[in-house]
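# Descriptive structure summary
The primary structure of each chain is shown beneath.
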Amino acid sequence: MYSDKVMDHFRNPRNVGEITEPDGVGMAGNPVCGDMMELFINVDEEERIEEIKFRTFGCGAAIAVSSILTEMVVGLKIEEALKIDNKQIADELGGLPPVKMHCSMLGREALEKAVEDYRKKKMATAGV
Amino acid sequence: MYSDKVMDHFRNPRNVGEITEPDGVGMAGNPVCGDMMELFINVDEEERIEEIKFRTFGCGAAIAVSSILTEMVVGLKIEEALKIDNKQIADELGGLPPVKMHCSMLGREALEKAVEDYRKKKMATAGV
Amino acid sequence: MRRVYLDHSATTPVRPEVLEAMLPYLKENFGNASSIHSFGQDARRAVEEAREKTAQAIGADPKEIVFTSGGTESDNLAIRGVALAKEKKGRHIITSAVEHHAVLDTCEQLEKQGFTVTRVGVDADGIVDPAEVESALRDDTILITIMHANNEVGSIQPIAEISRLAREREITFHVDAVQSLGKIPVKVDELGIDLVSLSGHKIYGPKGTGALYIRKGTKFKPLFHGGGQERKLRPGTENVPGIVAFGRAVELAVHELPEEARRLEVLRDRLMDGLLQRISELKVNGSRIKRLPHNVNVSVIYVEGESLILCLDMEGIAVSSGSACTSGSLEPSHVLRAMGIAHEVAHGSLRMTLGRDNTTEDVDYVLEKVPAIVERLRSMSPLYGHREGETVVVQ
Amino acid sequence: MRRVYLDHSATTPVRPEVLEAMLPYLKENFGNASSIHSFGQDARRAVEEAREKTAQAIGADPKEIVFTSGGTESDNLAIRGVALAKEKKGRHIITSAVEHHAVLDTCEQLEKQGFTVTRVGVDADGIVDPAEVESALRDDTILITIMHANNEVGSIQPIAEISRLAREREITFHVDAVQSLGKIPVKVDELGIDLVSLSGHKIYGPKGTGALYIRKGTKFKPLFHGGGQERKLRPGTENVPGIVAFGRAVELAVHELPEEARRLEVLRDRLMDGLLQRISELKVNGSRIKRLPHNVNVSVIYVEGESLILCLDMEGIAVSSGSACTSGSLEPSHVLRAMGIAHEVAHGSLRMTLGRDNTTEDVDYVLEKVPAIVERLRSMSPLYGHREGETVVVQ
Ligand SMILES: Cc1ncc(COP(=O)(O)O)c(C=O)c1O
Ligand SMILES: Cc1ncc(COP(=O)(O)O)c(C=O)c1O
């Protein structure tokens, strides 16, 4: 069902956990639908994603997507990171079963939300 | 499919052949329907069936029915012989598959025809 | 690595006695049961013997047994067969909300063709209330189809009581006994039922085998047309090895039922109680009393079922889940939903179904492995309280 | 006693390679292909591999293969599936008079539901004339269903020519290739066909297995409803061992076809010519050229087929007949009748179908035994001339 890469990321998910005082937090999905992801990011001065952590409730694909996404975006500038689309995430995982493609959206959405949160916070700080 | 008794009579049919100058000959069935029986009888003074022979074109059941019928009626008076019905023939064979019950009629009919022929011939002789 | 298969409601291995019974019919006794020669007659005899065994196991007459390619075909054949034969009398069908998809989807298909279907609900334990069936009855009700025992939560339905309602009104009653056969008694007269679906691969017979019991006198139309096999009710060259295997499997399952059911119940309770002791926030799904002897179904709160299955699989433990993600849909199991279980709880459901080969050691191995897996997945879950006082309430 | 099985068109034994391929899936690899755990995933992989093998053997895409319980189901599924999906476009179906009952009876059933069916005839060799198909075409023709090769007389139909007619008019074309698979090439693009029925037990696979090829884009409705297996086209727990066996059987049959067909042709001609030399008043049924390589069909005048079968069986020789008496009906084979063969000749028909295990010695054994049996039965027959000048003419 799943590629070896998916199973690797499911077995040993990278960057699981939380950042205590993150620059941005994003949440996507919800438990009613069966998957939910929480993404924490820290961003440096150049808006490069310095640190990233996630927590996910969901199936194997949801967890693998979360894990690989963190690997794909860490070190990238926010703008570059946001250019990564679902298909790239799925490809990076060696493909996902058709019925699981929706999981790849979850990662994208959580990242967008985290960036949004970061920008909001930054605006608030700037405003101070 | 067939009982042991049917197979025995099919394998070793009794009284196959013809009587050269029979007292009566009867024919039942026809090749279009897939079975046909020719029955030859010789009858003694007391109208007892002294000798009986058959030839049959037909399936295993048709041949077994012909064979057992000859055994069942030989030595019987004509009237008694005619009392034997299809069911008795089938029972004597240890039963016939439902789809083959029609074969038991074949024997009865050939016997009736042979008796008819015998009576006709007798009347003709008597008339001389 | 130890391998513990706990998914016997999904399928079972073919047991050695059954394999032994069927092998000759794959090899030297390979005749077509419709052939007249001795290869064929040997096959015919074997098929009829299997029919007798099957009939005897459920208290039926051999003439009332039709062999099929499995439970799904039996359900389709039964429901369409009766509906289309009786449609002049009426077009209303009653079923339950927790049936297998083979029943639900067939009913849905009939709805598209102009039939009306009432789906009675179940209580929190997954059990149908006969009174609800009674109030669903209409003058044009021609068929009731309710399963004997549920494949997910193992709940056992009050078939005999529903049967009384059907009998009084001459409504045909079909029962899907795919999961109950060999686990609890399935006797057509005691249950008072007209059609029963059976499947081989749930009782240590081969996949692709099954049967439908059709009570004498039941109005019926076949689904396939062709050679006259199975008295025209199910044409097609008889699957002789499959039929022989099915007959032997049914015979063994029913023969061993009393003892094996008792053994399984002990294992089941050890597993269920052991999980409850070791894992917090665990919810039992289904009745603890009216339950198949081999079925454990729990929801692990804050965790999703598919990831549980995958983690358990890494430890050699095979289980299943009613999570949406196991089927690729967004909706979790219709059975758990019909029982009123919240989506987020249904997503975390875990079904463990025990079988002949399972031992106390297997159960203890599972009890040893599951807690750490749950702990690990929960620690990854945003729903589980990581900071004090922050547990997200999902119940 | 020597046993010579000459009824390979009725069924075949499972060959050792196929049995070997399927056994693990009955035993240790017994998972349900829909399960997520590794037992399930192993099964899934095996099913998809078998699908690839099947597709490759007939030049199709794996997505175009649906596994079924056999040829009868495939025929029913194909014909009803297309008819019900296209009925808004038209309700006219063309078939031939010599189809298998799985096709004929399904068409007849559709007739009862308001479809119109034209049955084109065949010539004395049992072959359909494409021109006759052409003149049967109507504006509302939605489906043509013609078999690739006939199961009784082995006649091969001009499928590619009929296909051209269907293509021009966008009529769906279904071909029953149950008898041709492994005997002559069955390539969906070369033949230009949209659906193809296949059966496992005719090609040394197990009974109860088969497949339907459905060309991409074909309008189609399933026959069963239930779990989503086989992309909803054929739900039901996959018969994993059966599917694996089927895939292997197809692969081997098609791989070995060129050599095996040549070998069988030699045996076939030795048998047919040998019979003609040894038995007077023997009639060959079917074409001697457009004929399956393993099929011998002759009528023994003055003798009935079932008694021939029984007598041959006593000598260990297994054959079949198109006699009415083999089926319990009064009408002999509809195939022989459609070829214009008189009832009384049809009743004496004998089909001998050769297979992998048959040798020249087998053929010679049969040639040694048959004449005496025929002589004995003829001597018992009232139709055969016993007194001079009295032969009843039956032709
Ligand atoms: C209750 C129930 N009915 C029907 C079926 C379908 O049976 P099969 O798998 O033999 O098609 C199953 C199993 O999948 C089942 O659990
Ligand atoms: C031409 C043809 N079509 C269909 C079938 C039916 O296939 P099955 O025996 O697998 O049901 C047969 C064999 O019986 C056949 O010879």
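The following paragraphs examine the structure supplied in this document. (Residues numbered from 1 in each chain as written. Chains lettered and ligands numbered in written order. Predicted model: local features only at pLDDT ≥ 70, side-chain atom pairs only at ≥ 80, totals over all residues. Heavy atoms only, no water.)

## Quick notes on the relation of the copies chain D and chain C
Defined as follows: The least-squares superposition of copies is restricted to C-alpha atoms, and to residues with a pLDDT of at least 70 in both copies. Every residue pair with non-hydrogen atoms within 4.5 Å of one another is taken to be in contact.
Of the transformation placing chain D onto chain C, the axial shift is 0.0 Å and the rotation is 180°, giving an RMSD of 0.0 Å. Classification of the inter-copy transformation places it as that of a two-fold axis. The C-alpha atom lying nearest the rotation axis in chain D is that of Ser69(D); the distance is 3.1 Å. Looking at chain D, 98% of its interface residues are interface residues in chain C too, so the copies touch through the same face.

## Section: the pairing of strand 3 (residues 92–96) of chain C
All names here are of chain C. Quick note on the threshold: Summary of the burial criterion: residues with accessible area below 20% of their type's maximum are buried, those above 50% are exposed, and those between are partly exposed, where the area comes from a 1.4 Å probe applied to protein chains only. Put simply, DSSP marks the helices as runs of H or I at least four residues long and the strands as runs of E at least two long, and each gets a number from the N terminus on. At least two bridges found by DSSP between two strands are what make those strands a pair. A right-handed crossover is one whose linking path, passing over the helix from the first strand to the second, runs clockwise when the strands point away from the viewer.
For strand 3, the tally of buried residues reaches 5 of 5 residues, placing the bulk of the element in the interior. Burial along strand 3 is two-sided: the residues His-92, Ile-94 and Ser-96 and Ile-93 and Thr-95 are all buried. Looking at chain direction, strand 3 and strand 4 (residues 116–120) are connected through 5 bridges and run parallel. Bridge assignment links Ile-93 to a residue of strand 4, and that residue is Val-117. In this view, the connection linking strand 3 to its parallel neighbour strand 4 by way of helix 4 (residues 101–112) has right-handed handedness. Bridge count between strand 3 and strand 5 (residues 141–145): 4 bridges; the pairing is parallel. Note on strand 5: the bridge partner recorded for Thr-95 is Thr-145.

## Points about the site of ligand 1
Condition: Whether a residue is near a molecule or strand is decided by its heavy atoms; if any one of them lies within 4 Å of it, the residue is near. Between N or O atoms, a polar contact is any pair within 3.5 Å; within protein, one atom must be a potential hydrogen donor and the other a potential acceptor, and residues adjacent in sequence are included only when both atoms are from side chains. All accessible areas in this document rest on Shrake-Rupley with a 1.4 Å probe, and a residue is counted as covered only by the protein chains that are shown.
Around ligand 1, 15 residues are found, and the nearest of them are Thr72(C), Asp176(C), Ser199(C), Lys202(C) and Thr237(D). Bordering ligand 1 are residues originating from chains C and D. In this structure, Thr72(C) approaches ligand 1 through a side-chain N or O atom, which is 2.6 Å from an oxygen atom. At 2.9 Å, a side-chain N or O of Lys202(C) approaches an oxygen atom of ligand 1. For ligand 1, the accessible surface in isolation is 390 Å², of which the surrounding protein chains cover 94%.

## Remarks on the interface of chain D and chain C
What counts is decided by this rule: Here the buried area means the combined drop in accessible surface, using a 1.4 Å probe, for two parts upon being joined, counting both sides. Any Lys or Arg side-chain nitrogen found within 4 Å of a carboxyl oxygen on Asp or Glu counts as a salt bridge. As a working rule, the residues Ala, Val, Leu, Ile, Met, Phe, Trp, Tyr, Cys and Pro are called nonpolar, Asp, Glu, Lys and Arg charged, and the rest polar, with Gly in that last group.
Each partner contributes to the interface: chain D provides 55 residues, whereas chain C provides 54 residues. Across the chain D to chain C interface the summed buried area is about 4500 Å²; carbon plus sulfur atoms make up 65%. When the buried surface of chain D facing chain C is broken down by residue, Ile36(D), Lys207(D) and His225(D) rank first, second and third, together holding 16% of it. Summed over the shared surface of chain D and chain C, the result is 0 salt bridges. Inspection of the chain D/chain C interface yields 19 residue pairs in polar contact (both at pLDDT 80 or more). Looking at the side of chain D that touches chain C, the elements with two or more residues in it are helix 1 (16–26), helix 2 (38–58), helix 3 (71–86), helix 4 (101–112), helix 8 (240–278) and helix 9 (305–314) of chain D. No other element matches the 5 residues that helix 4 of chain D contributes to the side of chain D that touches chain C. A breakdown of the residues in the side of chain D that touches chain C according to their chemical character gives 22 nonpolar, 22 polar and 11 charged.

## Observations concerning the pattern of salt bridges
This model, assessed by the stated rule, comprises 81 salt bridges over all chains. With its nearest N and O atoms 3.2 Å apart, the salt bridge here joins Lys121(A) to Asp117(A). Of the two residues, Lys121(A) and Asp117(A) both sit in helix 5 (residues 101–127), 4 residues apart, roughly one turn of that helix. By relative accessible area, which is 34% here, Lys121(A) ends up partly exposed. Residue classification places Asp117(A) among the buried positions, given a relative accessible area of 18%. Here Glu168(C) and Arg169(C) are joined by a salt bridge, their closest N and O atoms 3.2 Å apart. The partly exposed category is assigned to Arg169(C), whose relative accessible area is 36%.

## Side note on the arrangement of the chains
Most contacts, among the 5 pairs of chains that meet, fall between chains C and D. Nothing in chain A touches chain B, and the closest approach of their C-alpha atoms is 50 Å.

## Some details on helix 12 (residues 360–380) of chain D
Test applied: Helix span is expected to be 1.5 Å times the residue number reduced by one.
Over its 21 residues, helix 12 of chain D extends 31 Å from the first C-alpha to the last, a length consistent with the 30 Å expected when each residue adds 1.5 Å. Along helix 12 of chain D, the positions that sit buried rather than exposed are Asp362(D), Val363(D), Tyr365(D), Val366(D), Leu367(D), Val370(D), Ile373(D), Val374(D), Leu377(D), Arg378(D) and Met380(D).

## Things to note about the pairing of strand 10 (residues 295–300) of chain D
Residues and elements named next belong to chain D. Across the 6 residues that make up strand 10, a large majority, 6, are buried. Residues Asn-295, Asn-297 and Ser-299 point to one face of strand 10 and Val-296, Val-298 and Val-300 to the other, with burial holding for every one of them. As paired elements, strand 10 and strand 12 (residues 349–353) share 5 bridges and run antiparallel to each other. Note on strand 12: the bridge partner recorded for Val-296 is Met-352.

## Some remarks on the side chain of Gln157(C)
Residue and element names in this part refer to chain C. In this structure, Gln-157 sits in the loop between strand 5 and helix 6 (159–168). Among the polar contacts made by the side chain of Gln-157, one reaches the main-chain amide nitrogen of Val-128 at a distance of 2.7 Å. Residues in contact with Gln-157, not counting those within four places in the same chain, are Val-98, Gly-126, Ile-127, Val-128, Ile-146, Met-147 and His-148.

## Some words on the packing of helix 9 of chain D against helix 12 of chain D
All names here are of chain D. Here is the rule we go by: Under this scheme, a helix contributes an axis fitted over its contacting stretch, all axes are lines through C-alpha atoms, and angles between N-to-C directions fall in the 0 to 180 degree range. By definition in this entry, angles of less than 35 degrees are roughly parallel, angles greater than 145 are roughly antiparallel, angles of 65 to 115 are roughly perpendicular, and the rest are oblique. For any helix crossing, the convention is left-handed if the near helix is rotated counterclockwise from the far helix by under a right angle, and right-handed if that rotation is clockwise.
Contact geometry for helix 9 and helix 12: axes closest at 10 Å, N-to-C directions at 135°. Relative to helix 12, the element helix 9 lies oblique. The element helix 9 and its partner helix 12 pack so that their crossing is right-handed. Contact residues: Ser-307, Leu-308, Cys-311 and Leu-312 in helix 9; Val-370, Ile-373, Val-374, Arg-376 and Leu-377 in helix 12. Along the lines of polarity and charge, the residues of the contact of helix 9 with helix 12 split into 7 nonpolar, 1 polar and 1 charged.

## Comments concerning the site of ligand 2
Neighbouring residues of ligand 2: 15 residues in total, closest Thr237(C), Thr72(D), Asp176(D), Ser199(D) and Lys202(D). More than one chain reaches ligand 2: its neighbouring residues belong to chains C and D. At 2.8 Å, a backbone N or O of Gly71(D) approaches an oxygen atom of ligand 2. With respect to ligand 2, the side chain of Asp176(D) contributes an N or O atom lying 2.5 Å from a nitrogen atom. When ligand 2 sits alone it has 390 Å² of accessible area, and the protein chains cover 94% of it. It is helix 3 of chain D that contributes the most residues to the shell around ligand 2, 3 residues altogether. Along the lines of polarity and charge, the residues of the shell around ligand 2 split into 2 nonpolar, 10 polar and 3 charged.

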